[in-house]
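Working through the structure, step by step
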Amino acid sequence: MSGPDSTTPNRRGGLSTRLLVRMIREEWRLQAELFGDRFALFPVVIAVFAGLGVWLLTVAGTSLDAVAAGLHGLVFFFGLQTGTIGLVGRDALRDVLGDVTLLVFSARTLPVTWRRLLGVFVVKDLLYYSGLFLVPMAVGYAAVALSAGEPAARVALLWLTTTGAFALGVGTSLTLTGVGTRSRAAVLALVLAVAAGVLTGRLDAVALSPYGFYLDPSLRSAATGFGPALALAVTGPLAFQPVESGGARSAPQRYERIRSAIRDDDGVATRTLLEVARSSGSVWKVLFSMGVLFGVTVLLVREVARATTLAPSYGIAVGTLLGLGAFTTYSWVTQFDSAEEYLRLPLSLSAAFAGKRTAFLVLSVPAGLVYLVGSLVWLPPVQVAVGAVVFPLVAVYVFGVTAYVTGFAPNELLFDTPLFVAFGAALAAVAVPLVVAALAYTEAPALAVGVSVGVSTVAAAVGVVLSRRAGPRWGRKLR
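The sections below set out a description of the structure shown in this document. If you're wondering where the values come from, they're calculated on a predicted model, not measured in any experiment. (Residues numbered from 1 in each chain as written. Predicted model: local features only at pLDDT ≥ 70, side-chain atom pairs only at ≥ 80, totals over all residues. Heavy atoms only, no water.)

Remarks on the overall build of the chain
From N to C terminus, the chain includes 19 helices and zero strands. Considering only contacts within the chain whose residues lie at least 6 apart along the sequence, 78% involve residues at least 24 apart. Carbon together with sulfur atoms contributes 66% to the accessible area of the chain, which is approximately 22,300 Å² in total. (Helix = DSSP H or I, 4+ residues; strand = E, 2+ residues; numbered from the N terminus. Contact = heavy atoms within 4.5 Å. Areas by Shrake-Rupley, 256 points an atom, 1.4 Å probe, with all protein chains shown as cover.)

Focus: the environment of threonine 272
The topology assignment puts threonine 272 in helix α11 (residues 268–278). When the C-alpha atoms of threonine 272 and valine 333 are compared, they prove to be 6.0 Å apart, with 61 residues separating the residues in sequence. Non-local contacts of threonine 272, meaning those with residues more than four positions away in its chain, are made with Val333, Lys356 and Ala359. A polar contact is formed between the side chain of threonine 272 and the side chain of lysine 356, at a distance of 2.8 Å. (Polar contact = N/O pair within 3.5 Å; in protein donor to acceptor, adjacent residues only side chain to side chain.)

Regarding the packing of helix α16 (residues 349–374) against helix α19 (residues 445–477)
Relative placement of two packed helices is described by the angle separating their axes and the distance separating the axes. For the pair α16 and α19, the least separation of the axes is 8 Å and the interaxial angle reads 140 degrees. As far as their axial angle goes, α19 and α16 are oblique. Pair α16 / α19 crosses with right-handed handedness. Residues Leu349, Ser350, Phe353 and Arg357 of α16 lie in contact with α19, whose contacting residues are Ser467, Arg468, Ala470, Gly471, Pro472, Trp474 and Gly475. When grouped by side-chain class, the residues that make up the contact of α16 with α19 number five nonpolar, four polar and two charged. (Axes fitted to C-alpha atoms, helices over the stretch in contact; angles between N-to-C directions. Parallel < 35°, antiparallel > 145°, perpendicular 65-115°, else oblique. Left-handed = near helix turned anticlockwise from the far one by under 90°. Nonpolar A, V, L, I, M, F, W, Y, C, P; charged D, E, K, R; others polar.)

Considerations on the packing of aromatic side chains
Enumeration over the complete set of coordinates arrives at 10 aromatic pairs. Ring centres of phenylalanine 327 and phenylalanine 423 lie 5.4 Å apart, and the angle between their planes is 50 degrees; on these two criteria the pair is classed as tilted. Highlighted residues: phenylalanine 327 in helix α14 (residues 327–333) and phenylalanine 423 in helix α18 (residues 417–439), separated in sequence by 96 residues. Overall, phenylalanine 423 belongs to the buried group, its relative accessible area being 7%. (Phe/Tyr/Trp six-rings, centres within 6.5 Å; stacked < 30°, edge-to-face > 60°. Buried < 20%, exposed > 50% of the residue type's maximum accessible area, 1.4 Å probe, protein only.)

Quick look at the side chain of threonine 328
Here threonine 328 shows up in helix α14. By relative accessible area, threonine 328 is classed as buried at 12%. Of note is the side chain of threonine 328, whose polar atom sits 3.0 Å from the backbone oxygen of glycine 325. Apart from the residues within four sequence positions on either side, threonine 328 is in contact with Gln81 and Ser289.

Considering the side chain of serine 452
For serine 452, the location among the structural elements is in helix α19. Residue classification places serine 452 among the buried residues on the basis of a relative accessible area of 0%. Those residues within four positions of serine 452 in sequence are excluded, and the remaining contacts are Ile316, Val386, Val390, Leu434 and Ala437.

What to know about the pattern of salt bridges
This structure, assessed with the given rule, holds one salt bridge. Its salt-bridge partner being glutamate 275, residue arginine 271 comes within 2.9 Å of it at the nearest N-O pair. One end of the pair is arginine 271 and the other is glutamate 275, both in helix α11 and four residues apart, which spans about a single turn. Since its relative accessible area comes to 26%, arginine 271 is described here as partly exposed. Using a relative accessible area of 19% as the deciding quantity, one classes glutamate 275 as buried. (Salt bridge = Lys/Arg side-chain N within 4 Å of Asp/Glu carboxyl O.)

Right, here's the structure in full:
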């Protein structure tokens, strides 16, 4: 009896290899279709940005150990985002490219099981993005670390463990997605259980990550550090169950209630909120994304405090990174849009961007504040208050910059090198002084708070101006 994937072991191995090669080729062609061959320069930009960032942090007094901790956390978060792109971004890809079928979605048309496709998809992500992002990042780090006397073996170890952190992020998101296809309540229970374990100290998140192996290389730390990443990479495809898309839904009363509550005259914000609510993960993905970023930031600050004599400000650090992380919310509120669509409506692009800004703030700000308020359990109210001020102001800046630079296509930042450079420079202009202020909190708390509030206030004002100019700018570009 033959069926999907009913091949001999040797042929199965050959099939997986062929699928892997074709998925890598497909990824390259997809990005070439979206961005042109200019995205091939992206690794060079990553190396330059990484080296410059590491150098600036060391000049500001941050140790290389603290920088390494930060890189592991950021790579883990990037892995989380990457692991969900291929699974929940299908509708967005169709909007950009038309009716396409990626190999990871081809279980119905090819004699291959879903589990095999997802397993190969994970391996493809690890290989492809390791070469495109992690190797250049390690090169940029090495340029500074080696000149500072860091052993070459230690730099190589950083590349290995950041690759493991990326795999842990991909495996985590894929496993949560897989479990979510069976039971959303189970996903919530898993997230709450892990969060409770970390907060109570019963679960050592550092030891159970590749970063633990980086801190203390040994056979035991290798098993405990890389074991969870391997287990999640296997569990995700096994847990995944294809979900049939539902039919069209209409909720006129819900639309009117939301529109009235947020005073949305044009209806753009209301429509956007409903689109996000009806998409994969609903509005809960915003809360989850903010929660992951919050957790990563707290762990990073703890590691910086442990590895150095500094006592960074949790409030400034959390507020800054939550605000910067709101970029993912911008991607979600624009994933079903195109500027051409609004040009066909009796609505100005300025009004469209204003509606998107309302939806962006309605989704991102409450989600971030939930975690800031929750941090009152162990943080002084003053630090939480500073974070509650910095976070929404930075979020407003991120919206303005993203709208002005990318319009309704923020995902083009991923491999469009000129756009990425412009966007990265704009974010660095705000992120660097805020990170320095968080680190300087130990020596001058009042000054650090004043600088962080001042910088974020100016940034928010710039963001408002940019968001108002985004409509006219994109109107001119599309004529």
